[in-house]
Each structure stands twice: as C-alpha cells, then as structure tokens.
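# Topology and contacts: notes
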Amino acid sequence: MKIFNNNLVAIIILVLSISQFIEAKPKEKFALVIHGGAGTILKKNMTAEKEAAYRAKLEESLKVGYKILSSGGTALDAVEAAIHIMEDSPLFNAGKGAVFTNAGTNELDAAIMNGANLKAGAVAGVKTVKNPITAARKVMEETWHVLLAGEGADKFAEEQGLEIVGPKYFYTERRWKAIQKRKSKEEEKYGTVGCVALDKQGNIAAGTSTGGMTNKRWGRVGDVPIIGAGTYANNETCAVSATGTGEYFIRAAVAHDISALMEYKRYSLIKASKKVIQKVGILGGSGGVICIDAKGNIAMPFNSKGMYRGYIKSDGKPVTLIYKND
Ligand code: ASP
C-alpha cells in the first residue's frame, strides 16, 4: 500500500511538472507587415482627413491579416487577404486606384511567393482583373508557370472564375487628373501595395500588387511581378515586398539580393535590407521594402521621403506609419 502511495505521488509530481513545462512554452510567433507605397509623402502636404483615411485603411488591412494568422491560418492567406483590402480601396495604386499609362489604360502587375517551397506566381499587364494578387496566386497554384502576361493572363483569370471588371472600374478622378497633368505631384505616382507575413507554423510569404507608374509606356512591366526584384520569399532567409521606381529595383534585383546577403553573408534582416536600399539609391532609384524573417524580425527601410506602412504582431496591436520620422 505504501509503495503504491509513493508511486502515485511520483506520478502526480511528474504530471504537474510536465504541465508546467507545457505552460512555460513560448507563445507561437506570428506577424504581418504591409506597405501602401513609397514616395514624396510629406506631412506639410497632407490634410488631417487624408492621413486619417490612409491610417484607417492600413489598419483594416493589418487586422484582416491578423485574424487569419491568429486563428492558425497560413501566411499566404493572410498576405492575399491583407492585399485585397488595399486593392479594393481607391487610395492605393493597386486594383481600384491603379494609375493610368500614357495610353490612358490601366495595366496591373502582381506577384505572390511562398517561402516554404519557393513556389511563386505573377501576372503582368492585366486590364480586367479586379484583384490581381489572386490571379498571381492562381498562377502559382493552378499552373506550372510563374508569370503570365497581358491578354493571356486576363483570360486565365477569367477561366479561374476570378472577378472580371470593365475599364471603368479602374477609373478614379485623382489618377485621371494625374495623367492629364503628366507632371503630377510625385506623391500621385506611388501607392503600390504589399504584404509579408509569418504564420504560426513558421512559414513566411510575400505579395505585391500595383498599377505601375503614372504615365508609364503602355506595355511596360515593373519590378513587382519579377520574382527576386519586387517580391521574394524563402523560409531560410526572409520575405520581401518592394515599392518604388521599379526599373531600379529590377536592376538591383532587390528582393533576392536581400535574401542572398542573409544566406551567403549571414547579414541580419535589418543590415541586408538597408544595404540593398542604399544600393538602389546609388543607382538613382527611390523607394523601400518591407521584410520579415522566420523568427519574426521585421524591417521597413526606404530612401524616399515617406512610405505608407504598418505592422501587427501576436499582441494584436496595429501600428501604422507614414513619414520618415514616424
Ligand atoms: N514599383 C512599382 C513599379 O515600378 C511602382 C511603385 O512601387 O510605386 O511598377
């Protein structure tokens, strides 16, 4: 009887200490970072209403992504959903608020990448797809290709059952005025959107969506749908989404270069991203990146006057930033 009691006590102690150990386990980390474009965004040119509208939309996007991640959803789902919010808003140069080309058309680019398996999908120059980020995801998941362009990409999106819209959908007075003036305020040229996320499973993903640059030559493709330039993700290093003068971001292979510095030179996320944005500046380009790694570190360097950006971590508190000194 005595032996039995001793064994029972030992078992109870063992169970208690195991449950304590389980409780002491650190919380699962997850985080999401977004951008809504970089450019000459100065407080002196901003009205209180405009600033509030941007912050509210950024916050909405962060919260939508958070909801997915906190309930155990994937980084890919969070990235796509967070980008949808910004694509559907006229505030950003993506989806609804896309800028016009020199031919008065709207030609949209988008890309998405899964850091867990290096799968990627992108579309370039689509004219009828309401949410190009979803078309990019369909390319990744439903074909063995990486990049579909022009009419073929529009047709593919339609076949996949995506929402198709007429050219009027992308008309916004603000962007139309910008193309009429040609020399629009620099601020009007920007507004690309992007998102990077880390999910509870430890996977990271990146996505970017844009209307390109105001007055771009029709047919021009920027950095956004070029995997390794405007968009990249690899669980071993980082997930990156860029915004800025795309031609320079292509030439500097920005997103992959950040990943490569981490992989081959063992740079930290901050050091690698700052270094590459510096390189873009030396070439003459302007803009920035948002980045995350599998440990949940984030970085958001830019060399322009401002960048709409924000992040949310497992504590659920959204942070939105616009200006350099925010
Ligand atoms: N990078 C985009 C492009 O060149 C534009 C932007 O981010 O504002 O198409």
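Located above this text is the structure these notes cover.
Residues numbered from 1 in each chain as written. Predicted model: local features only at pLDDT ≥ 70, side-chain atom pairs only at ≥ 80, totals over all residues. Heavy atoms only, no water.

### Things to note about the site of the ligand
Surrounding the ligand, one finds Tyr190, Thr192, Gly212, Met213, Arg220, Asp223, Thr243, Gly244 and Gly246. Out of a free accessible area of 270 Å², the ligand has 100% covered by protein chains. Of the pockets mapped on this structure, the ligand occupies the largest cavity. Looking at the shell around the ligand residue by residue, the classes come out as two nonpolar, five polar and two charged. (Near = heavy atom within 4 Å. Areas by Shrake-Rupley, 256 points an atom, 1.4 Å probe, with all protein chains shown as cover. 1 Å grid on protein atoms, 1.4 Å probe; cavity = no way out; pocket = protein on both sides within 12 Å on 5 of 7 lines; lining within 4 Å. Sits in = over half its atoms within 2 Å of the grid points. Nonpolar A, V, L, I, M, F, W, Y, C, P; charged D, E, K, R; others polar.)

### Concerning the layout of surface pockets
For the largest pocket, the calculated volume is near 180 Å³. Lining the largest pocket are Glu107, Ala124, Gly125, Lys127, Ala149, Gly150, Glu151, Asp154, Trp218, Gly219, Arg220 and Val221. With three residues, helix H5 (residues 150–159) is the largest single contributor of residues to the lining of the largest pocket. Here the residues of the lining of the largest pocket are counted per class, giving four nonpolar, three polar and five charged. (Points joined across faces, edges and corners; volume = space filled by probe spheres on them. Helix = DSSP H or I, 4+ residues; strand = E, 2+ residues; numbered from the N terminus.)

### Some words on the environment of glutamine 180
By the element assignment, glutamine 180 lies in helix H6 (residues 173–181). By relative accessible area, glutamine 180 is classed as partly exposed at 48%. The sequence separation of glutamine 180 and glycine 104 amounts to 76 residues, and the corresponding C-alpha distance is 9.2 Å. (Buried < 20%, exposed > 50% of the residue type's maximum accessible area, 1.4 Å probe, protein only.)

### Examining the sheet that holds strand S7 (residues 231–233)
If you walk across this open sheet you meet the four strands as S7-S8-S9-S10, and the pairing is antiparallel. Only two strands of the sheet have a single neighbouring strand rather than two, namely S7 and strand S10 (298–299). For strand S9 (residues 287–292) and S10, the ladder comprises two bridges, and the chain directions are antiparallel. The residue of S10 that forms the bridge with cysteine 291 is alanine 299. Running over the sheet, helix H8 (residues 254–264) touches S7, strand S8 (239–244) and S9 and is turned about 30° from S7. Of the strands in this sheet, S9 and S10 are in contact with helix H9 (residues 269–283), which crosses S9 at around 160°. (Pairing = 2+ DSSP bridges. Contact = heavy atoms within 4.5 Å. Axes fitted to C-alpha atoms, helices over the stretch in contact; angles between N-to-C directions.)

Note that all results are geometric; they support no functional claim without further evidence.
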